[in-house]
Amino acid sequence: MTEVLAALSLLRQAAFVSARLDASLREHGLTADRWRALAAVEANPGSSMADLIDALVIPPTSATRAIDSLVESGAVYRSPAPDDRRRVTLQISAQGALLLREVEPIISLVYEESAVSSVRGSQG
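Residues numbered from 1 in each chain as written. Predicted model: local features only at pLDDT ≥ 70, side-chain atom pairs only at ≥ 80, totals over all residues. Heavy atoms only, no water.

Engineer: Would you mind going over the nonpolar core in detail, with residue names and values included?
Structural biologist: With 27 residues, the main nonpolar core has Leu25, Trp35, Leu38, Leu52, Leu70 and Val103 as its most contacted residues. Broken down by secondary-structure element, the contributors of at least two residues to this core are helix H1 (2-25), helix H2 (32-43), helix H3 (49-56), helix H4 (60-73), strand E2 (88-92) and helix H5 (94-123). Sequence-distant contacts of Trp35, defined by excluding residues within four places in its chain, comprise Leu21, Leu25, Leu30, Leu100, Val103 and Ile107. (Core = buried A, V, L, I, M, F, W, Y, C linked by side-chain atoms within 4.5 Å. Buried < 20%, exposed > 50% of the residue type's maximum accessible area, 1.4 Å probe, protein only. Helix = DSSP H or I, 4+ residues; strand = E, 2+ residues; numbered from the N terminus. Contact = heavy atoms within 4.5 Å.)

Engineer: Could you give an account of the environment of Glu113, naming the residues involved and the relevant values?
Structural biologist: Topologically, Glu113 is positioned in helix H5. Relative accessible area serves as the criterion here: at 28%, Glu113 is assigned to the partly exposed category. Expressed as a C-alpha distance, the spacing of Glu113 and Val17, which sit 96 residues apart in the sequence, is 8.8 Å.

Engineer: Let's hear about the packing of H3 against H4: which residues, and what values?
Structural biologist: Between H3 and H4, the least distance of the axes is 10 Å, while the angle of their chain directions is 110°. Classified by the angle between their axes, H3 and H4 sit roughly perpendicular to one another. You can see that H3 and H4 cross each other, and the crossing is right-handed. Here Met49, Leu52 and Ile53 of H3 come into contact with H4, specifically with Pro60, Ala63, Thr64 and Ile67. (Axes fitted to C-alpha atoms, helices over the stretch in contact; angles between N-to-C directions. Parallel < 35°, antiparallel > 145°, perpendicular 65-115°, else oblique. Left-handed = near helix turned anticlockwise from the far one by under 90°.)

Engineer: Tell me about a nonpolar patch on the surface, and name the residues and values.
Structural biologist: On the surface, a cluster of nonpolar side chains totalling about 410 Å² of accessible area is made up of Val4, Leu5, Leu8 and Leu11. Its place among the elements puts Leu5 in helix H1. (Patch = residues over 30% accessible without salt bridge, like charges linked within 9 Å, V, L, I, M, F, W, Y side chains within 5 Å. Areas by Shrake-Rupley, 256 points an atom, 1.4 Å probe, with all protein chains shown as cover. Salt bridge = Lys/Arg side-chain N within 4 Å of Asp/Glu carboxyl O.)

Engineer: Hey, could you go over unusual backbone geometry for me, with residue numbers and the actual values?
Structural biologist: The backbone of Val57 shows a phi angle near 55°, a positive value even though the residue is not glycine. One can find Val57 in the loop between H3 and H4.

Engineer: Before we move on, could you go through the pattern of salt bridges and cite the residues and values that matter?
Structural biologist: One pass over the structure, following the stated rule, counts six salt bridges. Of the charged contacts, one joins Glu113 and Arg20 as a salt bridge, the two residues approaching to 2.8 Å between their closest N and O atoms. Residue Glu113 is found in helix H5, and its partner Arg20 is found in helix H1; the two are separated by 93 residues along the sequence. The salt bridge partner of Asp84 is Arg86, with a shortest N-O separation of 3.1 Å. A relative accessible area of 25% means that Asp84 is categorised as partly exposed.

Here's what the structure looks like:
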């Protein structure tokens, strides 16, 4: 039963962090999923949508919506893979890299809040 309660606590914490990120990133045109996608594209330039889905562990429709939004805003661009023109790769734009730098303080703050909350939750 302890494992079940621990798993429920982790899921609750993840939902809290996601909701807090969504609210905090909104003014920058991002959601938690869009930020995660943008960060993953920066960390893995040239990745495919399948790579992104695997990295983020989100449904394909969620990944597509996130990338479509990032492409529309100019933060990410799609290009044909050099070795297979049927495959599309993802690249971060200079604007997308700047956006990631702009939201770093927000991410740090939410992380710190969630770490403090997690410690408090495990003590009581």
